[in-house]
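# Working through the structure, step by step
Next come the chains, spelled out residue by residue.
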Amino acid sequence: MSVSESSSASSRSSLVFAYYVTGHGFGHATRVVEVVRHLISSGHQVHVVSAAPEFVFTMEVHSPNLFIRKVLLDSGSVQADALTVDRRASLEKYCEIAVEPRDSILDTEVEWLKSIKANLVVSDVVPIACRAAADAGIRSVCVTNFSWDFIYAEYVMAAGHHHRSIVWQIAEDYSHCEFLIRLPGYCPMPAFHDVIDIPLVVRPLHKSRQEVRKELGVPDNVKLLIFNFGGQPTGWTLKEEYLPAGWLCLVCGASAKQDLPPNFIALPKDVYTPDVIAASDCMLGKIGYGTVSEALAYKLRFIFVRRDYFNEEPFLRKMLEYYQGGVEMIRRDLLAGCWAPYLERAVTLKPCYDGGIDGGEVAAKILKDTAMGKKRSKLNLSGARRLRDAIILGFQLQRAPGRDLSVPEWYQVAGNEAGIHSVDQTQKSSKFVEGFEILHGDHLGLSDTIGFLDSLATLAKIGGHHQEREHLAAAALFNWEEDIVVARAPGRLDVMGGIADYSGSLVLLMPTREACHAAVQRNHPSKQKLWKHAEARHHLRDTPILEIVSFGSELSNRGPTFDMDLSDFMEEDGKPISYEKSCHYFSRDPSQKWAAYVAGTILVLMREMGVRFEDSISILVSSTVPEGKGVSSSASVEVATMSAVAAAHGLEISPRDVALLCQKVENYVVGAPCGVMDQMASACGEANKLLAMICQPAEILGLVEIPSHIRFWGIDSGIRHSVGGSDYGSVRIGAFIGKTMIKSFASSFTKSNSEEAEEESSELIESDASLDYLCNLSPHRFQALYASKLPQSITGEEFIEKYNDHGDSVTTIDRKGTYDIMAPTRHPIYENFRVQAFKALLTATPSEEQVIGLGELMYQCHDSYSACGIGSDGTDRLVKLVQNMENLKSSKTGNGTLYGAKITGGGSGGTVCVIGKSSLRSSEQILQIQRKYKEATGFMPYVFEGSSPGAGKFGYLKIRKNSAPTSST
């Protein structure tokens, strides 16, 4: 319906709105149209600032009170294709458009806003518009379901920490906004001071279902699918056989050159999508606010394919599924045309959204009141001075235990513990748990293991009757009358050693209480239960299939299931495929790349041990080790899976060898350049002891008892960590470059007749020239002979030209990159010395000096991480809070109980390890630190405390379903 200017409005009541629209897709522009329509119908002027095509606005609003100003002030997400975001390119594009010309943009916008005499600036959701409004002395309001600080925060992990200032600047711009008008399906947005929630903003219908179908010539007995992947050109080939009989597909955005089959119809580019949506039976597309809101409003079943690296999606997806309107399609089924199972599932849904759809009208009323001077009482939930700490890097961090944010009530925690019941940790061992007999092994009274077994029993009972998709898939995964093997592997707290592991350092590691469980069953291919979408793809039932379910998929925005033919791991000549091919195989669909950690164990067993898998394999993975916290969630998944798969196939592999095999999974199948310490701790650790290991490559020295008066905690900073991120990889490359240079310097010593060379022992010089691990070089020799010769940094081009190779098979030097050398080289050499001193001090006579010394070594380690460029604001803040607690006046009178803290693992966020006395006072101080951190950042840190046995100590369980229930004792 078009809008005409309201002639009855007096000039006195006419207001002027400047409405900024983000350059990200058409979805924002179409919802803005609905708000603008209501503003103009009330007699007000609206100046729209947008790079979207003018027809998007003028097609619906015909009025001299609508002014279009074509300007691009932000770039949104740069998409490599319809489903994939290029994270690095997105940040670089935003820099180019909004950061580099920032001063001139602000000058231009301030002048323009004053020239049109704007009463209110509205932003959906252009950051700099809020700052320009503040500089012009005009109030501003944002209308959105997400903000760019939240979306870009995850991209920083891929692009490097030097891009963090972009996120901080965006958040600070938003902080100048007076309040946020928040749309349903929203993300956490900590930068805004105050919030008003409104209903869905939905475009109204112009025609009835019958009218649209009549115009298209589609009879009522034909089912309509609308193919809608937004403004991104797909370039996909569509084939007649993709659709079952009785279906027609309406294609949005088809190019004029695209040759469509007879059961596919190209829609005009200016088609009014809401009418077509209401006339269709299903939609196939990607999730965005516009598609989800209109699908919900008009009760259209939505078959969606995940987009990669766009954090708006999980919140909209959960809303869609809550109202029973969504079915997820795996990307490869979209591209292969395996659509029928999803269409069959979709038509059984009964969408039930019954909320308001007048958000456009409600928003317009709020904006008019604000423009006329109505004030709101501020909640002051956050402020510009806090913003650097309020930004939580990555989607998963918003879901950390203790997170105190206004998240929609429908956004429930996604059964990460698979419905684990609270069980007394001291429960005695038993050969029976509810629903299962334990044929082999012992649950050791571990409450999480008993809970996992209880959850399996629940799955065996519920069959297909469960709301959560991952539980539905898991219930259909196993033949419940057959044996199932269960293994358990904990995460690890890096007490000392950290990133020095890849340089051969001594490390000290403690297994966490949190752990991963893997349940594995093998079946003859003819007896393997297949999900419907998998059955449609795997036509030959005599070939082995791998099916995986991952509980807690919503926590990390990944697909909950994965399936493949095990023959995909084989070349035509019968040999296993290369690791390079496997890495590419799992990288094709980032929403399912997680499966590499699980399925990769099978390929590694094939390649390293010659194992051939002739049976189909079903794997259920459930982990309570939080991801992205620097506590080895990936290692726990790999070790639990490898242990369970090995046990199910009768393979006897030592815990140490399990760890080494799992490192290959992460290095070569996943493609993350980690050392081996994480897998060793998970496989070989023991509860309440530190695993002492020299990483050359994995020599276990033994277990170090933690003195009874000392305790370790982990405190999560809320900043997501990843060893696959650019910062960790750059530091690792810097260390290997440093080692290569030191070897070269030593070789030149042996060939020279210099005075310096004569003073040194020829044996030591020769040893340095063949240095296999940096940590075999003592700090004093490094300082005396080599430190002055190393450059602070070097470009990849310079290094390769002179040295050719850096000797690290799991990282690749970027010729165009620049690498710090001095700090990454110095760190492992000195860290190894610190860890040796730490280990010796642990066994010393208990004293105040002992714990002070241990704490000081941890502080030194933390500072060294920062020098390498892999610290973070959050972890620095936590360490400072520990230092402040230690230095309180009460501490100096004998009441202080915390002595040191350090960043852990790969750095760049994650968890801080804290040392203190084992006392109630220490626990109280840890709680105080949690509260102070929350006051400063809005994030309540999760605390890791306690320990549990490694996978080797746990062994494995073989369980079989009971015909009659038996109570656990």
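First things first, this report covers the structure right here in the doc. (Residues numbered from 1 in each chain as written. Predicted model: local features only at pLDDT ≥ 70, side-chain atom pairs only at ≥ 80, totals over all residues. Heavy atoms only, no water.)

## Here we look at the overall build of the protein chain
For clarity, the threshold we go by: Numbering goes from the N terminus for both helices and strands, where a helix is a DSSP run of H or I of at least four residues and a strand is a run of E of at least two. Note on exposure labels: buried denotes an accessible area under 20% of the residue type's maximum, exposed denotes more than 50%, and partly exposed covers the range between, all computed with a 1.4 Å probe on protein chains only. We call two residues in contact whenever any of their non-hydrogen atoms come within 4.5 Å of each other. Note that accessible areas follow from Shrake-Rupley with a 1.4 Å probe, and for residues the cover is restricted to the protein chains shown.
The helix and strand tally for the protein chain stands at 34 helices and 31 strands. Looking at the protein chain as a whole, 62% of its 969 residues are labelled buried. For the protein chain, the share of sequence-separated contacts (at least 6 apart) that also reach a separation of at least 24 residues comes to 72%. For the protein chain, the accessible area works out to roughly 37000 Å², and carbon and sulfur atoms hold 49% of it.

## Observations concerning the pattern of salt bridges
Just so we agree on the cut-off: Any Lys or Arg side-chain nitrogen located within 4 Å of an Asp or Glu carboxyl oxygen qualifies as a salt bridge.
Scanning all chains against the criterion turns up 39 salt bridges. Here Asp448 and Arg488 are joined by a salt bridge, their closest N and O atoms 3.1 Å apart. Taken together, the residues Asp448 in helix α16 (residues 447-462) and Arg488 in strand β18 (residues 484-496) connect sequence positions 40 residues apart. Look at Arg488 and you get buried, because its relative accessible area is 0%. Its salt-bridge partner being Arg815, residue Glu797 comes within 3.0 Å of it at the nearest N-O pair. Here Glu797, found in helix α28 (residues 796-803), pairs with Arg815, found in the loop between α28 and β27 (818-820); they are 18 residues apart in sequence, far enough to count as distant. Residue classification places Glu797 among the partly exposed residues on the basis of a relative accessible area of 35%.

## As for the packing of aromatic side chains
Under the convention used in this document: When two rings of Phe, Tyr or Trp (its six-membered ring) have centres within 6.5 Å they constitute a pair, described as stacked for plane angles under 30 degrees, edge-to-face for angles over 60, and tilted for the intermediate range. A ring has a charge above it when a Lys NZ or an Arg CZ is no more than 6 Å from the ring centre and no more than 35 degrees off the ring normal.
For the structure shown, the criterion picks out 26 aromatic pairs. Taking the centre distance of 4.9 Å and the plane angle of 55° together, the rings of Phe227 and Phe229 count as tilted. Accessibility classification places Phe227 together with Phe229 in one group, the buried group. Centre to centre, the rings of Phe712 and Phe838 are 6.4 Å apart; their planes meet at 35°, and the pair counts as tilted. Within this pair, whereas Phe712 is found in strand β25 (residues 710-716), its partner Phe838 is found in helix α29 (residues 822-842), the two being separated by 126 residues in sequence. Comparing Phe712 with Phe838, the two get one shared label, buried. Site record: aromatic cluster; members linked through ring pairs are Tyr94, Phe146, Trp148, Tyr152 and Tyr155. Over the face of the ring belonging to Trp112 we find Arg69, whose NZ or CZ atom lies 4.3 Å from the ring centre. The side chain of Arg332 reaches across the aromatic face of Phe562, ending 5.5 Å from its centre.

## Here's the deal with α28
Stated precisely, the cut-off is as follows: As used here, the arc is the angular range of directions from the helix axis to the C-beta atoms.
Those residues of α28 that sit buried are Gly796, Phe799, Ile800 and Tyr803. Take α28 and look down its axis: the buried residues cluster within an arc of 95°, on one side only. Seen from the buried face of α28, the exposed residues on the opposite side, beyond 90 degrees, are Glu801 and Lys802.

## Description of the sheet that holds strand β3 (residues 66-70)
Where we set the bar: Here, strands pair whenever DSSP counts at least two bridges between them. Axes, fitted as lines to C-alpha atoms, cover a helix only where it is in contact. Angles between the N-to-C directions of the axes lie from 0 to 180 degrees.
If you walk across this open sheet you meet the seven strands as β3-β2-β1-β6-β7-β8-β9, and the pairing is parallel. Either end of the sheet is taken by a strand with one partner, and the two such strands are β3 and β9 (195-197). On average, adjacent strands in this sheet sit at an angle of 20° to one another, irrespective of strand direction. Bridge analysis of strand β7 (residues 140-144) against strand β8 (residues 179-182) gives four bridges, and the strand direction is parallel. Looking at β8, one finds that Cys142 is bridged to Leu180. Packed on one face of the sheet, helix α1 (residues 27-41) meets β1 (16-21), β2 (45-50), β3, β6 (120-124) and β7 and runs near 170° to β1. Helix α5 (residues 127-136) contacts β1, β6 and β7 of the sheet and is inclined by roughly 165° relative to β6.

## Overview of the state of the cysteines
Using the following cut-off: Any two cysteine sulfur atoms within 2.5 Å of one another count as a disulfide.
Under the definition given, this model contains zero disulfides. Here Cys177 is not cross-linked by a disulfide; its sulfur's nearest cysteine counterpart is in Cys142, at 3.9 Å. A relative accessible area of 2% places Cys177 in the buried class. With no disulfide of its own, Cys861 lies closest to Cys868 among cysteine sulfurs, the gap being 9.5 Å. Its relative accessible area of 0% is what places Cys861 among the buried residues.

## Observations regarding the side chain of Lys902
Going by this rule: Polar contact is defined as a pair of N or O atoms within 3.5 Å, subject to the rule that within protein one atom must be able to donate a hydrogen and the other to accept it, and that residues adjacent in sequence are counted only when both atoms are side-chain atoms.
By the element assignment, Lys902 lies in strand β28 (residues 898-903). One polar contact links Lys902 to Asp494, side chain to side chain, over a distance of 3.1 Å. The residues contacting Lys902, other than those within four sequence positions of it, are Asp494, Val495, Met496, Met858, Cys861, His862, Val879, Thr911, Val912 and Cys913.

## Considerations on the sheet that holds strand β11 (residues 247-251)
The strand order β12-β11-β10-β13-β14-β15 describes an open sheet built from six strands, whose pairing is parallel. Only two strands of the sheet have a single neighbouring strand rather than two, namely β12 (264-266) and β15 (326-328). Strand after strand, the sheet turns through a mean of 25° between neighbouring axes, direction not considered. Relative to β11, strand β10 (residues 223-228) runs parallel, the two sharing five bridges. The residue bridging Ile226 from the neighbouring strand is Leu250, located in β11. Helix-sheet contacts for helix α11 (residues 313-322) involve β14 (301-304) and β15, and the interaxial angle to β14 is about 140°.

That's the geometry; what it means functionally is another story.
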